[in-house]
Structure formats: C-alpha cells, structure tokens
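Remarks on the overall topology
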Amino acid sequence: MSFWGDMRVIWRMAFHRGSSSDLKTRLEEFYSGQSADYDSFRKRLLHGRESLMREVGQRLNPGATLLDMGGGTGNNIGELGPHLCKLGRADIVDLCGPLLGVAQARIAKEGWANVHTVEADATKFIPPSGPVDAVTFSYSLTMIPDWFSALEKALANLKPGGILGVVDFYISRKWPTPGRKKHSTFTRGLWPLWFANDNVFPSPDHLPWLDAHLEPIHVEEGMGSIPYVPLLKAPYYIFLGRKK
Ligand SMILES: C[S@@+](CC[C@H](N)C(=O)[O-])C[C@H]1O[C@@H](n2cnc3c(N)ncnc32)[C@H](O)[C@@H]1O
C-alpha cells in the first residue's frame, strides 16, 4: 500500500471515469492509469472476495474448471489459495487489456500453469472446451450494463450441478424477500448515486435473480468500509449457488 498510489487511483476515479459509449473503451479509459495500483487500493474497498473464493474452492474437485468473469488483475484466482493447484484450468475473462496485463504478469510470477487470460465480453463468452464446474463474478456484475445476459451466459456455461459465485455491491429492495436484509432509504439512495460516477451500478435485483435461478448454498450480506471515507460503509453480498 502506498499513499501516492492511492492518490493516483482516487484521481482516476474522480476525473477519468470513462465516457465512451463503447464498454471496452470506457473500461480501458478508466483502468489504464490505475492498473498498477489497482490491487492495493481494491484490497481495502472490495470486501468478501477472499471468502467467496475460499467457499468456491473448497467445493471443487481435482481437475475442476473455473471461469472468473470480469476477473481483472487475477487477484481472485490467488485467493483460491491451496485450492488453485488442484484445478484443471482457470480462465480470467475480462474486456480490459491493461488489467489483463497485470493478470498475465501475476500468472508468470506465480508460475500458475493452469491459469489463462481471455480478452472477451462476459455477456458473450463461451468456453471452447465446453461447460465448466464453476463461474465467479467478483465486483464485475455491477460494471456490466447487460448483467442479465452475463448471468444467463454464466448459467449456460455451467455444467449441471456447477457452482456460480458472486460478490458485489448491492442495495436491498424496499421490500426484500423474507430472510434477506432491508436497507434504509438513505442507503438505497446514496450508493447508486455514489458509484454511478465510476460506472458501477449497485442493484436491488442481482440477489433476487440469483435466488430465483440457482439453488442457494451460501449467502452473506455485509457492510464494507471505503478507504479514506470514515463512518460510511457500503453494502455488499456474497452468493454461492448451484445450477439446478
Ligand atoms: C471492479 S473490477 C473487478 C475486477 C476483479 N474481479 C476484482 O475483484 O478485483 C470490474 C471488472 O469487470 C470487468 N468488466 C466489466 N464489464 C465486462 C464485460 N462485459 N466483460 C468482461 N469483463 C468486464 C472490468 O474490466 C473489470 O476488470
């Protein structure tokens, strides 16, 4: 962690948000000047990623295959820890060249022979070797405008009984499903406005969609701190479900 690295990230978040109507161009405008500092800053902003990957990893058998959609710098693949070496293959799928560059350097440094990067759109990608055992989305669904298509494609790319794991920011519905958290009017109003500046769209609909389309195995709803912003915490969820 470096103070000036953090300042570079905050500067990009404030003034280089990406304004192209093309998603790939927009992502590359946003991330190109912060890719080197991305991991250090996001470690303190994107909560629950370690838990998600641990929960997914411990349910995978030797030789299993995994797609990390919007996988960026490959940080999450590292979070698989001891479970990574048992995987047959893991693909980090992302549209953003600069972040995939960091992932490629990480793969080379760590010597992960079973990990590969793919530059592709999560709403369209079909793995050439067929359906996989697990698909994960870590803070990527909120950046994918057509998130319905991304989830539908993920389900199509999963083997029957395969695992879908998601961690992301969200807000609750005003009247959530019984058993799920209810956020205050302030929380439901603040976070979509806050994150929309950076083309991140916390939704009240991701969790209900996942609940309806998968058999839930593990769900957590938490509040995470924001670097340099005292007092405020942003809601995030972790969802693990099995393809029915
Ligand atoms: C907040 S970052 C999260 C990256 C990584 N999963 C993590 O947890 O650090 C969101 C990621 O989603 C990627 N992304 C956004 N839309 C995408 C799409 N349609 N297809 C593939 N990747 C996409 C971005 O390029 C970026 O890497």
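Just above, that's the structure.
Keep in mind that this is a model prediction, so the values were computed, not measured.

With that settled, the discussion passes to the environment of Tyr-228. Take Tyr-228: it is sitting in the loop between β6 (214-226) and β7 (229-243). Residue classification places Tyr-228 among the exposed residues on the basis of 10 C-beta atoms within 10 Å. Residues Tyr-228 and Arg-44, spaced 184 residues apart in sequence, show a C-alpha to C-alpha distance of 10.0 Å.

With that settled, consider the site of the ligand. Surrounding the ligand, one finds 23 residues, the nearest of these being Gly-70, Gly-72, Cys-96, Ala-122 and Ser-140. If you list the elements that add at least two residues to the shell around the ligand, you get α2 (23-31), α5 (75-79) and β2 (89-94). Residues of the shell around the ligand, tallied by class, amount to 11 nonpolar, eight polar and four charged.

Let us look at the sheet that holds β7. Either a parallel or an antiparallel arrangement is found when strands of a sheet pair, and the pairing is made through backbone hydrogen bonds. Across the sheet, seven strands lie side by side as β3-β2-β1-β4-β5-β7-β6; this open sheet has mixed pairing. Each edge of the open sheet carries a strand with a single partner, namely β3 (115-119) and β6. The sheet shows a mean angle of 15° between the axes of neighbouring strands, direction not considered. In terms of strand pairing, strand β1 (residues 65-69) meets strand β4 (residues 132-138) through four bridges, oriented parallel. Note on β4: the bridge partner recorded for Leu-66 is Ala-134. Along the sheet, helix α6 (residues 97-110) contacts β2 and β3; its crossing angle with β3, the most-contacted strand, is approximately 165°. Against the sheet, helix α7 (residues 147-157) touches β1, β4, β5 (158-169) and β7, its axis set at about 150° to β5.

Time to look at the pairing of β7. Across seven bridges, β5 lies against β7 in antiparallel orientation. Its bridge partner lying in β7, Ile-163 is registered against Arg-242. Of the strand pairs in this sheet, β6 and β7 are connected by 12 bridges, and their pairing is antiparallel. Opposite Met-223, over in β7, you have Pro-235 as the bridge partner. Taken together, β6 and the strand that follows it, β7, pair antiparallel across an intervening segment of two residues, in which Tyr-228 is found at a positive phi of about 70°.

About the thresholds
Residues numbered from 1 in each chain as written. Predicted model: local features only at pLDDT ≥ 70, side-chain atom pairs only at ≥ 80, totals over all residues. Helix = DSSP H or I, 4+ residues; strand = E, 2+ residues; numbered from the N terminus. Buried ≥ 20, exposed ≤ 12 C-beta atoms within 10 Å, placed from the backbone. Near = placed C-beta within 6 Å. Nonpolar A, V, L, I, M, F, W, Y, C, P; charged D, E, K, R; others polar. Pairing = 2+ DSSP bridges. Axes fitted to C-alpha atoms, helices over the stretch in contact; angles between N-to-C directions. Contact = placed C-beta atoms within 7 Å.

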